[in-house]
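Each chain is listed here by its residues.
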Amino acid sequence: MIEAIDLWKSFGDNHVLRGVSLRVAPGTTYVVLGGSGSGKTVLLKHVIGLLKPDRGSVRVGDAEISALEGRALTEARRSFGMVFQGAALFDSMTVLENVAFPLREKRRDVRLDEVRRRVVEKLAVVDLGEEVLDRYPAELSGGMRKRVALARALVSDPRVVLYDEPTTGLDPLTTDSVDQMIMAAKQRLGITSMVISHDVASAFKVADRLAVLYDGRLAAEGTPAQVRASTDPFVQRFLSTWFAKQ
Ligand SMILES: Nc1ncnc2c1ncn2[C@@H]1O[C@H](COP(=O)(O)OP(=O)(O)O)[C@@H](O)[C@H]1O
Ligand SMILES: [Mg+2]
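I will try to describe carefully the structure that is included in this document. Just so it is clear, the model here is predicted, and its values are computed rather than measured. (Residues numbered from 1 in each chain as written. Chains lettered and ligands numbered in written order. Predicted model: local features only at pLDDT ≥ 70, side-chain atom pairs only at ≥ 80, totals over all residues. Heavy atoms only, no water.)

1. Topic: the packing of aromatic side chains
Next, step 1: Overall, the coordinates contain three aromatic pairs when judged by the stated rule.
Next, step 2: On the numbers, 4.9 Å between centres and 50 degrees between planes, the contact of F90 with F101 is tilted. Of this pair, F90 sits in the loop between β5 (80-83) and α3 (95-106) while F101 sits in helix α3; the two residues are 11 residues apart in sequence, bridging distant segments of the chain.
Next, step 3: Feature note: the residues Y214, F234 and F238 constitute an aromatic cluster, connected by ring pairs. (Phe/Tyr/Trp six-rings, centres within 6.5 Å; stacked < 30°, edge-to-face > 60°. Helix = DSSP H or I, 4+ residues; strand = E, 2+ residues; numbered from the N terminus.)

Quick look at the structure:
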């Protein structure tokens, strides 16, 4: 569903990606782990076509994202849902208005009862009921805001959802609820997900496959068990801080 082939990207002398290849199968969750500044967001921006590689290519579904521009790129991006760092809901809008936003933005003529039906349907996927529809983000817990943000990403029925650091800065309970919701999107809707994270615990919980990005390359790549067994010194150090606690 997502395929990156030999991606290279530099900003001046800063060689951020130096030959990254990965493949995310339909209906699976792929996590890219890496330290801060390792190039995780840069990689994600290539997947959505916000950055163009110096070399290599990115394909999502049938679209060669790295080769598209303008309207064609905007069109191709419609099949993505994005959950950015920090839930970034509109504070002055209710939950209904927030989740409905992508629908209203795309087509102004969608009927209100149809909009409401689709919002309620996606809220149910993230285990929220109709009672939250008229609430404002400030009236919700951190975990609920994250759920609303995912419902908004799901409302246009994307095939692919991309998450940038979805659990960074969250307390353990909220982190767990975000992990559950990523798994629910996969199990209930068959969503293909790519998650960018430095949270080792979450990564090993939600990933079907994962990769560790270091020094512009994937220092390890595979199933959680394969990555856990990697003999790469950086991967060992990166994972040991968390596994030592278990
Ligand atoms: N648009 C840009 N222009 C120049 N440098 C950038 C740009 N975006 C990211 N970088 C650099 O690329 C490196 C990786 O950044 P990023 O992908 O944001 O890291 P992270 O893994 O924390 O998400 C950093 O050194 C950052 O300064
Ligand atoms: Mg980042």
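2. Comments concerning the site of ligand 1
Next, step 1: Within the structure, ligand 1 sits among F11, N14, V16, G35, S36, G37, S38, G39, K40, T41 and V42.
Next, step 2: Interatomic distance of 3.2 Å between a backbone N/O atom of S38 and an oxygen atom of ligand 1.
Next, step 3: K40 is positioned such that a nitrogen or oxygen atom in its backbone is 2.9 Å from an oxygen atom of ligand 1.
Next, step 4: Alone, ligand 1 offers 570 Å² of accessible surface; in the complex the protein occludes 59% of this.
Next, step 5: Those elements giving two or more residues to the shell around ligand 1 turn out to be β2 (14-24) and α1 (40-47).
Next, step 6: Broken down by element, the residue count for the shell around ligand 1 peaks at three residues, all from α1.
Next, step 7: Across the shell around ligand 1, the residue classes break down as three nonpolar, seven polar and one charged. (Near = heavy atom within 4 Å. Polar contact = N/O pair within 3.5 Å; in protein donor to acceptor, adjacent residues only side chain to side chain. Areas by Shrake-Rupley, 256 points an atom, 1.4 Å probe, with all protein chains shown as cover. Nonpolar A, V, L, I, M, F, W, Y, C, P; charged D, E, K, R; others polar.)

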